[in-house]
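So the chains spell out like this:
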Amino acid sequence: MKKMILSLLVLSSVAQSSELDNLINTSNAIVDQIDRGIKLVGAAQEYAYYGDALSDGTISGTAHISPEQLQAYTAALSSMSNYQAYGDLQTVLEEKAYTELDMMDEAIGVFTEVVVDMIAVQEVAEVSESAATPQEEAEVQTFVADNIESLTITQDEVETYNDSLDSIEEHANNASAFLSVAGNKEAVEFLEQGIENANTTAEETNIFYDSNQQWVAMGYNTTRNLTAVYLNGNDNIGLDLYVTEADILAAGSESEYYLTGPTAYSYDCFMNSDCTEL
């Protein structure tokens, strides 16, 4: 669904950039016909009064304005009424957000695969914790010895796990930052004014989220200045998005991804659908 929305946003951006071209082309097509018609009328005056020449009776039709030309020009006028000379900043922000969401989803796929590969460690933890007698401890030793290969976690798996987590957090933050600014009228208007002052378009700016500065900033191709919207409440716009680690973990604990994962219940529940604790 997100990819479909992104495709529609891209198409919208292309249409936006071609609206002026359409108006230029369709209006010039009619101007060319009018120019030809004026020439024909001028020629008629010159020849008719003096009896100097005749046409074959069909030339006037070559200066007619066709229904297709009129329809194209009318459509171009209608489109131009919504034309934004400085581009569509909200669409640009949303496009960037959906790109980040796609990259987040890819990283989640990598994370999910490596967790499934490593999740036998949960069985080790559960079996070890339940060993309360020497006999049960011996059973743990036997279990580990018999399954050492499948229970081993490699350094490559650890690196993949760590890297994918970093990517998920990065792309999730980027997407959230762009969408929050895109959804705030004051923030959009503030950045749009910066675009107008720089005499450029939204599509030609460099928009990025900076976690250190805690802002979404916009750079221009016409100046070295930056325009930024803070996301920590430190400006008049008032966007304040940062939450605590506890808040994030609490939200994660209630998420479908967590509640359908291996650690919410037990190893057997996840691997074998033996969910007696549900």
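Here the structure is shown first, and the text comes after it.
What comes next concerns the included structure.

Calculation criteria
Residues numbered from 1 in each chain as written. Predicted model: local features only at pLDDT ≥ 70, side-chain atom pairs only at ≥ 80, totals over all residues. Heavy atoms only, no water. Pairing = 2+ DSSP bridges. Helix = DSSP H or I, 4+ residues; strand = E, 2+ residues; numbered from the N terminus. Axes fitted to C-alpha atoms, helices over the stretch in contact; angles between N-to-C directions. Contact = heavy atoms within 4.5 Å. Buried < 20%, exposed > 50% of the residue type's maximum accessible area, 1.4 Å probe, protein only. Core = buried A, V, L, I, M, F, W, Y, C linked by side-chain atoms within 4.5 Å. Salt bridge = Lys/Arg side-chain N within 4 Å of Asp/Glu carboxyl O.

What about the sheet that holds strand 3 (residues 226–230)?
Phase 1 of the analysis: The strand order 1-2-3 describes an open sheet built from 3 strands, whose pairing is antiparallel. The outermost strands of the open sheet, each flanked by one partner alone, are strand 1 (206–210) and strand 3. The average angle at which neighbouring strand axes cross in this sheet is 20°, direction not considered.
Phase 2 of the analysis: Summarising the sheet, strand 2 (residues 215–219) and strand 3 pair through 5 bridges and their orientation is antiparallel. Each residue of the ladder has a partner; that of G219, found in strand 3, is L226.
Phase 3 of the analysis: Running at roughly 120° to strand 1, helix 7 (residues 155–182) makes contact with strand 1 and strand 2 of the sheet.

Some remarks on unusual backbone geometry
Phase 1 of the analysis: Despite not being glycine, N199 shows a phi value in the positive range, around 55°.
Phase 2 of the analysis: With a phi close to 60°, Q214 is a non-glycine residue in the positive phi region.
Phase 3 of the analysis: Here Q214 shows up in the loop between strand 1 and strand 2.
Phase 4 of the analysis: Judged by its relative accessible area of 25%, Q214 falls in the partly exposed class.

With respect to the pairing of strand 1
The side chains of a regular strand alternate, first on one face of the sheet and then on the other.
Phase 1 of the analysis: Burial along strand 1 is one-sided: I207 and Y209 are buried, while N206, F208 and D210, pointing the other way, are not.
Phase 2 of the analysis: Where strand 1 and strand 2 come together, 5 bridges link them in antiparallel fashion. Counted as the bridge partner of N206 is G219 from strand 2.
Phase 3 of the analysis: Counting the residues in the hairpin turn of strand 1 and strand 2 gives 4 residues, including Q214, whose phi is positive at 60°.

Quick look at the nonpolar core
Phase 1 of the analysis: Ranked by size, the top nonpolar core spans 23 residues in total, and within it L89, V181, I207 and V216 carry the most contacts.
Phase 2 of the analysis: Leave out the neighbours within four places in its chain, and V216 touches A177, F178, V181, I207, F208, Y209, T227, A228, V229 and L231.
Phase 3 of the analysis: In terms of nonpolar packing, the next biggest core, distinct from the first, is built from 13 residues, Y98, I119, I168 and Y267 among them.

Examining the pattern of salt bridges
Phase 1 of the analysis: According to the stated counting rule, one finds 1 salt bridge in the structure shown.
Phase 2 of the analysis: Of the charged contacts, one joins K39 and D35 as a salt bridge, the two residues approaching to 3.3 Å between their closest N and O atoms. With K39 and D35 both in helix 1 (residues 2–48), this residue pair falls 4 residues apart, about one helical turn.
Phase 3 of the analysis: Among the residues examined, K39 registers a relative accessible area of 57% and is labelled exposed.

Quick look at the side chain of Q33
Phase 1 of the analysis: Relative to the assigned elements, Q33 resides in helix 1.
Phase 2 of the analysis: Under the relative-accessibility criterion, Q33 is labelled buried at 15%.
Phase 3 of the analysis: Discounting residues that sit within four places of it in the chain, Q33 has contacts with T62, A63, H64, I65 and Q69.

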